[in-house]
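Architecture at a glance
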Amino acid sequence: MRKKIVAGNWKMNKTYQESKVLVKELKKGIKNIKLDNTRVIIAPPFTNLQNASKKTKDSSVEIAAQNMCAKESGAFTGEISASMIKSIHVDLVVLGHSERREYFGETDASLAAKVDTALKNDLEIIFCFGEVLEDRKSGNHFKIVEEQIKKALFHLNSDDWKNIILAYEPVWAIGTGETASPEQAQEMHAFIRELVAQRYISDVAEEVSILYGGSVKPANAEEIFSKPDVDGGLIGGAALKSEDFLALVKAI
Ligand code: PEP
């Protein structure tokens with residue numbers, strides 16, 4: 001049975017000291033929540049990744065990096081490699097976030113290369129994609145999402161998909177307070193699962209967790225999470241306060 005997942009993307013928020021406090025609060029709070037077939041993941045900034053990894057070793061909170069270089073090593077100033085991430089016992093990485101695509105020029109092709117490097121280094125991937133508002137308005141959203149997934153992921157084999165978590169994040173709903181309706185989320189998630197089923201055997205489609213991301217908060221989470229093809233959420237703003245994030249974990 002595929003897992004439910006609540007994943008928090010801290011983005012470029014929290015100093016080292018602030019991150020330590022939040023990790024501590026989450027670790028404490030999570031102990032009081034019964035996790036039924038549910039994974040809880042947080043993606044702090046690189047400056048706190050090692051501390052978060054150490055501090056959550058004996059907890060059910062898992063840690064993800066927010067980005068990774070496609071190259072294995074070498075003269076790539078400012079970049080972080082897959083093996084560096086693995087070396088601090090972090091086994092997950094977020095790839096393809098719309099902010100990386102928009103502000104740092106990441107493309108389907110460059111993401112396909114990152115995906116390959118991550119899998120080669122035994123990193124599990126939370127792969128993000130989603131349409132911008134114009135695509136939604138013009139009715140192109142299915143086509144855009146299909147292209148993003150096909151170009152970055154459909155060269156993988158069925159076995160690789162054991163290490164893929166999908167995150168549908170309509171760009172118009174990220175950090176805007178605007179949420180896709182539970183029906184819009186379900187419609188897209190069912191479309192994505194069908195797409196994967198057509199390319200691979202249906203087991204792959206049934207097993208892959210598909211998260212929704214875009215202004216999920218305690219007030220709207222339960223309704224979104226209740227949809228059959230929504231297996232959890234990738235959370236931005238509401239992941240920065242332990243109270244909110246823990247409420248989302250309870251809502252799943
Ligand atoms: C995100 O960053 O992936 C995200 C969904 O952000 P927010 O929850 O703030 O919309």
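A brief look at the structure comes next. Remember, it's a predicted structure, so these values are computed and weren't measured experimentally. (Residues numbered from 1 in each chain as written. Predicted model: local features only at pLDDT ≥ 70, side-chain atom pairs only at ≥ 80, totals over all residues. Heavy atoms only, no water.)

1. Observations concerning the sheet that holds strand β4 (residues 92-95)
This is how it is decided: Any two strands are treated as partners once DSSP identifies two or more bridges connecting them. Numbered from the N terminus, helices here are DSSP runs of H or I no shorter than four residues, and strands are runs of E no shorter than two. Every axis corresponds to a line fitted to the C-alpha atoms, with the helix fit spanning only the stretch in contact, and the corresponding angles, defined between N-to-C directions, vary from 0 to 180 degrees.
Sheet architecture is closed into a barrel: 8 strands sit in the order β1-β2-β3-β4-β5-β6-β7-β8, paired in parallel fashion. Neighbour-to-neighbour, the strand axes of the sheet open up by a mean angle of 30°, direction not taken into account. Bridge count between strand β5 (residues 124-129) and strand β6 (residues 164-168): 5 bridges; the pairing is parallel. Counterpart to Phe-127 in the pairing with β6 is Leu-166.

2. Describing the nonpolar core
Spelled out, the test is: Only buried residues count toward a nonpolar core, which is a set of Ala, Val, Leu, Ile, Met, Phe, Trp, Tyr and Cys residues joined through side-chain atoms within 4.5 Å. Exposure classes here rest on a 1.4 Å probe applied to the protein chains alone. A residue is buried below 20% of its type maximum, exposed above 50%, and partly exposed in between. Contacts: residue pairs with any heavy atoms within 4.5 Å of one another.
If you look at the biggest cluster of nonpolar residues, it comprises 66 residues, and the most contacted ones within it are Leu-153, Trp-161, Leu-166 and Ile-192. When near neighbours in sequence (up to four residues on either side) are disregarded, Leu-153 contacts Val-115, Phe-127, Trp-161, Ile-164, Leu-166 and Tyr-200. Core analysis: the second largest hydrophobic core is formed by 13 residues, Ala-7, Ala-43, Ala-64 and Ile-126 among them.

3. Digging into the site of the ligand
As a reminder, the rule being used: Any residue with a heavy atom positioned within 4 Å of a molecule or strand is treated as near that molecule or strand. By the criterion applied in these results, polar contacts are pairs of N or O atoms within 3.5 Å in which, for protein atoms, one can donate a hydrogen and the other can accept it, and in which residues neighboring in sequence qualify only through two side-chain atoms. Exposure was quantified through the Shrake-Rupley algorithm and a 1.4 Å probe, taking into account, for residues, occlusion by the shown protein chains and nothing else. Gly is placed with the polar residues, together with every amino acid not listed as nonpolar (Ala, Val, Leu, Ile, Met, Phe, Trp, Tyr, Cys and Pro) or charged (Asp, Glu, Lys and Arg).
Surveying the vicinity of the ligand reveals 14 residues, the closest of which are Lys-11, Glu-169, Gly-175, Ser-215 and Gly-237. Within the contact set of the ligand, an oxygen atom lies 2.6 Å away from a side-chain nitrogen or oxygen of Lys-11. Between the ligand and Gly-175 there is a distance of 2.7 Å, counted from an oxygen atom to a backbone nitrogen or oxygen. In isolation the ligand has 290 Å² of accessible area, and contact with the protein removes 95% of it. Residues belonging to the shell around the ligand are distributed by class as follows: 4 nonpolar, 8 polar and 2 charged.

4. Topic: the pairing of β6
Of all the 5 residues making up β6, 5 are buried; the element is thus mostly covered by neighbouring parts of the structure. Of the two faces of β6, the one carrying Ile-164, Leu-166 and Tyr-168 and the one carrying Ile-165 and Ala-167 are both buried. Judged from the 3 bridges that link them, β6 and strand β7 (residues 210-213) form a sheet pairing that is parallel. Bridging across to β7, Ala-167 finds its partner in Leu-211.

5. Considering the packing of aromatic side chains
Keep this limit in mind: For Phe, Tyr and Trp, rings pair up if their centres lie within 6.5 Å, where Trp contributes its six-membered ring, and each pair is then called stacked (planes under 30 degrees apart), edge-to-face (over 60) or tilted (otherwise). By definition here, charges over rings are those cases where NZ of Lys or CZ of Arg is within 6 Å of the ring centre and within 35 degrees of the ring normal.
Using the criterion set out here, one finds 7 aromatic pairs in the structure. Plain terms: the ring middles of Phe-129 and Tyr-168 are 6.3 Å apart, the flat faces sit at 35° to each other, and that makes the pair tilted. With Phe-129 in strand β5 and Tyr-168 in strand β6, the pair connects residues that are 39 residues apart, well separated along the chain. You can call Phe-129 buried: its relative accessible area is 3%. Plain terms: the ring middles of Phe-154 and Tyr-200 are 5.7 Å apart, the flat faces sit at 85° to each other, and that makes the pair edge-to-face. Of the two residues, Phe-154 sits in the loop between α7 (141-153) and β6 while Tyr-200 sits in the loop between α8 (182-199) and α9 (202-207), which places them 46 residues apart along the sequence. One exposure class covers both Phe-154 and Tyr-200, and it is buried. Site record: aromatic cluster; members linked through ring pairs are Phe-127, Phe-129, Tyr-168 and Tyr-212. The cationic tip of Arg-100 hangs over the ring face of Phe-104; the distance from NZ or CZ to the ring centre is 4.2 Å.

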